Amino acid sequence: MKKTKWLGLKIAAGALVTLTPLAALVACKDTKPAPAPTPVEGIFNVQGGVLTGFAPNVTQNDVKQYVAKHQGKFVIPNGVTVIAANAFNANTVKIGIPYETKELEIASTVKKIEDHAFYGCEQLETVTYTDVESSQLQYIGVSAFAGCKALKSFTFPQALVT
């Protein structure tokens, strides 16, 4: 297979054949790869304020110890601004929120909870905030808490618009 080298970009012959009218191919300036997510509290992956889920190699026991350290609550740490789509979706993560955890506490710095973030977390009964008065939460995505069958209490902060 013939390869064409263009500004350091290798494109295999025929790679763009199926694209419908391709008027121009613009080369982007060399960029550095995004920094690796930083483990926060030893169990979370956070990159630029976005919590994407659990850090690699975290075990169910690590999560249980974290919850025990926070008096039985699953606490989203301060500094997180977005909880990414599917971050703790019970159908997509191999390690979930421990079943006995009934309370989720969201840091007041969280502005957005994306789609399906806590989907299927059947054990959750209560969603609270570290400080509801200063909560910056403005958006809760589609089905973010769908399938949370035990959910009894969810306080909506004033900043919430959707």
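Parameters and conventions
- Residues numbered from 1 in each chain as written.
- Predicted model: local features only at pLDDT ≥ 70, side-chain atom pairs only at ≥ 80, totals over all residues.
- Heavy atoms only, no water.
- Salt bridge = Lys/Arg side-chain N within 4 Å of Asp/Glu carboxyl O.
- Helix = DSSP H or I, 4+ residues; strand = E, 2+ residues; numbered from the N terminus.
- Buried < 20%, exposed > 50% of the residue type's maximum accessible area, 1.4 Å probe, protein only.
- Phe/Tyr/Trp six-rings, centres within 6.5 Å; stacked < 30°, edge-to-face > 60°.
- Core = buried A, V, L, I, M, F, W, Y, C linked by side-chain atoms within 4.5 Å.
- Contact = heavy atoms within 4.5 Å.
- Polar contact = N/O pair within 3.5 Å; in protein donor to acceptor, adjacent residues only side chain to side chain.
- Pairing = 2+ DSSP bridges.
- Disulfide = S-S within 2.5 Å.

Side note on the pattern of salt bridges
Right, on to step 1. Evaluated as defined, the whole model comprises four salt bridges.
Right, on to step 2. We note a salt bridge from Glu-122 to Lys-149, for which the minimum N-O separation is 3.7 Å. With a gap of 27 residues between them, Glu-122 in the loop between β9 (112–113) and β10 (126–129) and Lys-149 in the loop between β11 (139–140) and β12 (153–154) connect regions that are remote in the sequence.
Right, on to step 3. Glu-122 sits in the partly exposed class, given a relative accessible area of 37%.
Right, on to step 4. Connected through shared salt-bridge partners, Lys-73, Glu-103 and Glu-105 make up one network.

A few points about the packing of aromatic side chains
Right, on to step 1. Inspection of the entire model under this criterion finds twelve aromatic pairs.
Right, on to step 2. Their ring planes at 85° and their centres at 6.1 Å tell us that Phe-44 and Phe-88 sit as a pair that is edge-to-face. Placement of Phe-44 in strand β4 (residues 44–47) and of Phe-88 in the loop between β7 (82–83) and β8 (103–106) is noted, with a sequence separation of 44 residues between them. Across the pair, exposure class does not vary: Phe-44 and Phe-88 are buried alike.
Right, on to step 3. Seen from their ring centres, Tyr-66 and Phe-74 are 6.4 Å apart, and the 75° between their planes marks the pair as edge-to-face.
Right, on to step 4. By way of ring pairs, the aromatic residues Phe-44, Phe-54, Tyr-66, Phe-74, Phe-88, Phe-118, Phe-145, Phe-154 and Phe-156 are connected into one cluster.

Concerning the nonpolar core
Right, on to step 1. One finds Phe-74, Ile-76, Ile-83, Phe-88, Ile-113, Phe-118 and Phe-145 to be the most contacted residues of the largest nonpolar core, which totals 37 residues.
Right, on to step 2. Where this core is concerned, the elements lending two or more residues are β4, β5 (50–54), α1 (60–69), β6 (73–75), β8 and β10.
Right, on to step 3. Per element, the largest residue contribution to this core is three residues, and it comes from α1.
Right, on to step 4. In contact with Ile-76, other than residues within four places in its own chain, are Leu-51, Ile-83, Phe-88, Leu-104, Glu-105, Ile-106, Ala-107, Val-110 and Phe-118.

Examining the side chain of Asn-89
Right, on to step 1. Relative to the helices and strands, Asn-89 resides in the loop between β7 and β8.
Right, on to step 2. Since its relative accessible area comes to 5%, Asn-89 is described here as buried.
Right, on to step 3. In terms of polar contacts, Asn-89 uses its side chain to reach the side chain of Asn-86, at 2.8 Å.
Right, on to step 4. Each residue touching Asn-89, except ones within four places of it in the same chain, is listed here: His-116, Ala-117 and Tyr-119.

Thoughts on the sheet that holds β12
Right, on to step 1. As summarised here, the arrangement of the four strands in space is β6-β8-β10-β12, forming an open sheet in which the pairing is parallel. The open sheet terminates on both sides in strands that have one partner only, identified here as β6 and β12.
Right, on to step 2. Here four bridges tie β8 to β10, and the two strands are oriented parallel to one another. Directly across from Ile-106, in β10, lies its bridge partner Tyr-129.

Quick look at the state of the cysteines
Right, on to step 1. Under the criterion given, the structure shown has zero disulfides.
Right, on to step 2. The thiol sulfur of Cys-148 is not disulfide-bonded, and the nearest other cysteine sulfur, from Cys-121, lies at 5.3 Å.
Right, on to step 3. Cys-148 gets classed as buried once you look at its relative accessible area, which sits at 9%.

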